[in-house]
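Chain by chain, the residues run as shown.
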Amino acid sequence: MTIIVTGGAGFIGSNFVFHMLKKYPDYRIICLDCLTYAGNLSTLKSVMDNPNFRFVKASITDREAVNKLFEEEHPDMVVNFAAESHVDRSIENPSVFLETNILGTQVMMDACRKYGIKRYHQVSTDEVYGDLPLDRPDLFFTEETPIHTSSPYSASKASADLLVMAYHRTFGLPVTISRCSNNYGPYHFPEKLIPLMIANALNDKPLPVYGKGENVRDWLYVEDHCKAIDLIIHKGREGEVYNIGGHNEMKNIDIVKIIVKELGKSEDLITYVADRKGHDMRYAIDPTKIHNELGWLPETKFADGIKKTIQWYLDNKEWWEEIISGEYQNYYEKMYGNRG
Ligand code: NAD
Ligand code: TYD
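1. With respect to the overall build of the protein chain
Helix and strand content of the protein chain: 12 helices and 13 strands. For 340 residues, the compact-globule formula gives about 20 Å, and the C-alpha radius of gyration of the protein chain, at 19 Å, lands near that figure. For the protein chain, the spread of C-alpha atoms along the principal axes amounts to about 55 × 45 × 35 Å. Per-residue burial for the protein chain yields a buried fraction of 58% across its 340 residues. Counting contacts in the protein chain only where the partners sit at least 6 residues apart, residues at least 24 apart contribute 83% of the total. When the accessible surface of the protein chain is totalled, it reaches about 14500 Å², and 50% of it is carbon and sulfur. Here the protein chain holds 38 positive side-chain charges and 48 negative ones, and the gap between their average locations is 1 Å.

Okay, structure coming up:
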């Protein structure tokens, strides 16, 4: 089995590459990634010499490069993680989100049509469903929940999902889609909530909480997400959407307080800053379908996962220190410099 994993130098994609190489020693895994600010070759250091692994630096929007790769490798499957993934950046500059997330998806699926494929899997997000109110804890996102997006990021992911379903219906492309809640774990880029708070706390820098910190996210340890995708690509039904989430809803402020406590820092570091525009209140997944059909359940409890994650950032300082010492400084100054 040969699988092209796009975006495999990013957070979830790299964890998926590690999971697949370990679990299926006879599979060939090809990582296709153009190494944006969010992609790091150092993340893939441990697998670069694995004979079953190949890294190809190219964009999923580059039709010629993608076709060439298909001609060379004859993949059986494509798992498309490659995306612009940060909501705050999509508010600053939506264009690249539309190019990568929508047009890149089209290029990958066109290659699948042209050369043939056993499965095209689209890694999507619960953010395509919009948000839920804080005062209705009985409501959850199911696969039937209407698409209702808030940010340019979620609109681009929803557009891609619609295109994936259109390629299934119109061209019979064998597709699946997964929509997962917020992930956390090793190799998470330090602009996202959990790694940003860990890095700032370790450097005794202010911890910028948007608004009142009351927004709720449904956190899933990244390995559990990778295991769910593994199940879907092997056993999931073509043309189906599977929600992935672990009934682990937490307020942002509570997460930040846990991190502060674990690191033995003071809550005085917590700084409330201007809210994100169009900030979604609550995400919460109903994972009944993937549980009933594929037997998936999250294995890592948040209390354990967050400890493991913090320990990983303590043990791998050079990985994130290198990132936050470069271009990231300019981003940070722009986003947080005058936020007040
Ligand atoms: P990430 O930003 O950490 O990684 C994205 C990767 O894609 C990077 O390696 C980047 O270099 C690569 N990439 C970007 N544009 C590309 C292009 N044009 N061609 C090739 N490669 C390109 O993102 P992540 O958090 O690992 O998310 C991966 C996927 O999972 C995304 O599709 C995202 O929408 C989805 N998702 C993420 C979460 C989450 O909590 N992080 C939750 C649900 C779904
Ligand atoms: P994020 O990690 O960007 O994921 P998403 O927006 O895709 O859910 O943010 C998670 C939550 O944390 C979200 O409600 C915004 C909030 N947040 C902060 O309060 N401060 C920050 O510095 C960041 C990056 C996020």
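Read on for the rest.
2. Observations concerning the state of the cysteines
Per the counting criterion, the structure on display carries zero disulfides. Cysteine C34 is unpaired, with the sulfur of C31 as its nearest cysteine sulfur at 10 Å. According to the relative accessible area criterion, C34 is partly exposed, its value standing at 30%. Here C226 is not cross-linked by a disulfide; its sulfur's nearest cysteine counterpart is in C180, at 9.2 Å.

3. A few points about the site of ligand 1
For ligand 1, the set of nearby residues contains 28 residues, the closest of which are I12, D33, S85, Y153 and K157. Note that a nitrogen atom of ligand 1 is positioned 2.9 Å from one of the backbone N or O atoms of I60. Taking S85, its side chain carries an N or O atom lying 2.7 Å from an oxygen atom of ligand 1. Relative to its free-state accessible area of 830 Å², ligand 1 is covered by the protein chains to the extent of 96%. Elements that contribute at least two residues to the shell around ligand 1 include exactly helix 1 (11–23), strand 5 (119–125) and helix 5 (152–171). No other element matches strand 5, which puts three residues into the shell around ligand 1. Residue composition of the shell around ligand 1, by class: 14 nonpolar, 12 polar and two charged.

4. What to know about helix 1
For helix 1, which comprises 13 residues, the first-to-last C-alpha distance of 19 Å matches the rise-based estimate of 18 Å (1.5 Å per residue) to within 8%. Among the 13 residues in helix 1, 11 count as buried, and that is most of the element. Taken residue by residue, helix 1 has F11, I12, G13, S14, N15, F16, V17, F18, H19, M20 and L21 as its buried positions. Of the surrounding secondary structure, the elements contacted by the buried residues of helix 1 are strand 1 (2–6), strand 2 (28–33), strand 3 (53–57), strand 4 (77–80), strand 7 (183–184) and helix 7 (222–235).

5. Concerning the site of ligand 2
E127, R217, R276, H279 and Y336 are the nearest of the 19 residues found near ligand 2. Between an oxygen atom of ligand 2 and a side-chain N or O atom of R276, the distance comes to 2.5 Å. For ligand 2, whose unbound accessible area comes to 510 Å², protein coverage reaches 97%. Looking at the shell around ligand 2, the elements that each hand over two or more residues are helix 6 (193–202) and strand 8 (207–210). When the residues that make up the shell around ligand 2 are grouped by side-chain class, the tally is nine nonpolar, five polar and five charged.

6. What to know about the pattern of salt bridges
Scanning the entire structure with this criterion turns up 19 salt bridges. D161 serves as the salt-bridge partner of R179, at 2.8 Å between the closest nitrogen and oxygen. Of the two residues, R179 sits in strand 6 (residues 175–180) while D161 sits in helix 5, which places them 18 residues apart along the sequence. Here R179 matches D161 in class, with each residue buried. The closest approach of N and O atoms between K289 and E240, which form a salt bridge, is 2.6 Å. Separated by 49 residues along the polypeptide, K289 in helix 9 (residues 288–294) and E240 in strand 11 (residues 240–244) bring together distant segments of the chain. Within this structure, R28, R54, K68, E72 and E73 form a network of salt bridges that share partners.

7. Some thoughts on the packing of helix 6 against helix 8 (residues 252–262)
The geometry of helix 6 relative to helix 8 is characterised by a closest axis approach of 10 Å and an angle of 35° between their N-to-C directions. With respect to the hand of their crossing, helix 6 and helix 8 are arranged in right-handed fashion. Contacts from L193, I194, M197 and I198 of helix 6 reach helix 8 at N252, I255, V256 and I259. Partitioned by chemical class, the residues of the contact of helix 6 with helix 8 number seven nonpolar, one polar and no charged.

Parameters at a glance
Residues numbered from 1 in each chain as written. Chains lettered and ligands numbered in written order. Predicted model: local features only at pLDDT ≥ 70, side-chain atom pairs only at ≥ 80, totals over all residues. Heavy atoms only, no water. Helix = DSSP H or I, 4+ residues; strand = E, 2+ residues; numbered from the N terminus. Rg over C-alpha atoms; globule rule 2.2 N^0.38 Å. Buried < 20%, exposed > 50% of the residue type's maximum accessible area, 1.4 Å probe, protein only. Contact = heavy atoms within 4.5 Å. Areas by Shrake-Rupley, 256 points an atom, 1.4 Å probe, with all protein chains shown as cover. Lys, Arg positive; Asp, Glu negative; His and termini not counted. Charge placed at Lys NZ, Arg CZ, Asp CG, Glu CD. Disulfide = S-S within 2.5 Å. Near = heavy atom within 4 Å. Polar contact = N/O pair within 3.5 Å; in protein donor to acceptor, adjacent residues only side chain to side chain. Nonpolar A, V, L, I, M, F, W, Y, C, P; charged D, E, K, R; others polar. Expected span 1.5 Å × (residues − 1). Salt bridge = Lys/Arg side-chain N within 4 Å of Asp/Glu carboxyl O. Axes fitted to C-alpha atoms, helices over the stretch in contact; angles between N-to-C directions. Left-handed = near helix turned anticlockwise from the far one by under 90°.

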